[in-house]
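# A structural walkthrough
The primary structure of each chain is shown beneath.
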Amino acid sequence: MVYAGGSAPPVDPTGGWELEEALDIEYAHAMAPHARLYLVEAASNYDSDLFAAIQVANNLVVCGRTSSCPLGSRGRGEVSMSWGGGEFPQEASLDGYFTAPGVVYFAAAGDYPGVIYPCASPT
């Protein structure tokens, strides 16, 4: 487990985030039992923390480090994000988080009708 903010985030009293994380990591392990899996936890559910966690996940996939990768790093893998929110006018400015070379992104589509971001991102 990697804490994107440097320390464990507070426990969600509803258990919602913990349950979601457990389901995601268990299905990923079942689908790819020999894969190297990282659980990257954001410090909170604020966009600034969620996108910081995506950057950490990008680095782990591309070069196996939580900080920036050396030029020429060629890791390959996936980043799965089980969160999202309503679309907003500035979302295109965040799409660059989903362009690390060699990384495929999966984003939650939501539990209700409609489209959510980052699932709606073209990248």
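Further up the page is the structure itself.
What this report covers is the structure whose coordinates are included nearby. (Residues numbered from 1 in each chain as written. Predicted model: local features only at pLDDT ≥ 70, side-chain atom pairs only at ≥ 80, totals over all residues. Heavy atoms only, no water.)

Turning our attention to the overall build of the chain. Tallying secondary structure elements over the chain gives 2 helices and 6 strands in all. From first element to last, N terminus to C terminus, the chain shows the α and β order β-α-β-α-β-β-β-β. For the chain, whose C-alpha radius of gyration is 14 Å, the value lies close to the compact-globule estimate of 14 Å for 123 residues. Once the C-alpha set of the chain is aligned to its principal axes, its extents read approximately 40 × 30 × 30 Å. Residues counted as buried form 26% of the 123 residues belonging to the chain. Taking all contacts inside the chain whose residues are at least 6 apart in sequence as the whole, residues at least 24 apart take part in 59%. Just so you have it, the chain exposes about 7900 Å², and 57% of that area is on carbon and sulfur atoms. (Helix = DSSP H or I, 4+ residues; strand = E, 2+ residues; numbered from the N terminus. Rg over C-alpha atoms; globule rule 2.2 N^0.38 Å. Buried < 20%, exposed > 50% of the residue type's maximum accessible area, 1.4 Å probe, protein only. Contact = heavy atoms within 4.5 Å. Areas by Shrake-Rupley, 256 points an atom, 1.4 Å probe, with all protein chains shown as cover.)

By the element assignment, L60 lies in helix α2 (residues 47-63). Spatially, the C-alpha atom of L60 lies 12 Å from that of P70, the residues being 10 residues apart in sequence. If near-sequence neighbours (up to four positions away) are discounted, L60 is found in contact with V2, Y38, V40, R65 and T66.

Counting across every chain of the model gives 1 disulfide. Disulfide pairing places C63 opposite C69 at an S-S distance of 2.2 Å. Between C63 and C69, the S-S torsion sits near -75°, and that sign places the bridge as left-handed. Residue C63 is classed as partly exposed on the basis of its relative accessible area of 23%. (Disulfide = S-S within 2.5 Å.)

When the terminal C-alpha atoms of α2 are compared, their 24 Å separation across 17 residues agrees well with the 24 Å that a helix rising 1.5 Å per residue should span. Those residues of α2 hidden inside the fold are in contact with β1 (2-3), α1 (16-31), β2 (40-41), β3 (77-81), β5 (103-107) and β6 (116-117). One or two positions beyond α2, positive phi appears at G64, with a value near 75°. (Expected span 1.5 Å × (residues − 1).)

The next subject is the pairing of β3. Burial along β3 is one-sided: G77, V79 and M81 are buried, while E78 and S80, pointing the other way, are not. Bridge count between β3 and β5: 5 bridges; the pairing is parallel. The residue bridging E78 from the neighbouring strand is V104, located in β5. (Pairing = 2+ DSSP bridges.)

It is a probe the size of a water molecule, rolled over the atoms, that shows where empty space is left. Of the voids in this model, the largest pocket is the one considered here, and its volume is about 1200 Å³. Lining the largest pocket are 40 residues, and of these D24, Y38, L39, V40 and S80 sit closest to its centre. Listed by contribution, the elements that provide at least two residues to the lining of the largest pocket are α1, β2, α2 and β3. When grouped by side-chain class, the residues that make up the lining of the largest pocket number 26 nonpolar, 5 polar and 9 charged. Counted as a void, the second largest pocket has a volume near 280 Å³. If you trace the second largest pocket, you find it lined by W17, E20, S82, W83, G84, G85, A108, G110, D111, Y112 and I116. (1 Å grid on protein atoms, 1.4 Å probe; cavity = no way out; pocket = protein on both sides within 12 Å on 5 of 7 lines; lining within 4 Å. Points joined across faces, edges and corners; volume = space filled by probe spheres on them. Nonpolar A, V, L, I, M, F, W, Y, C, P; charged D, E, K, R; others polar.)

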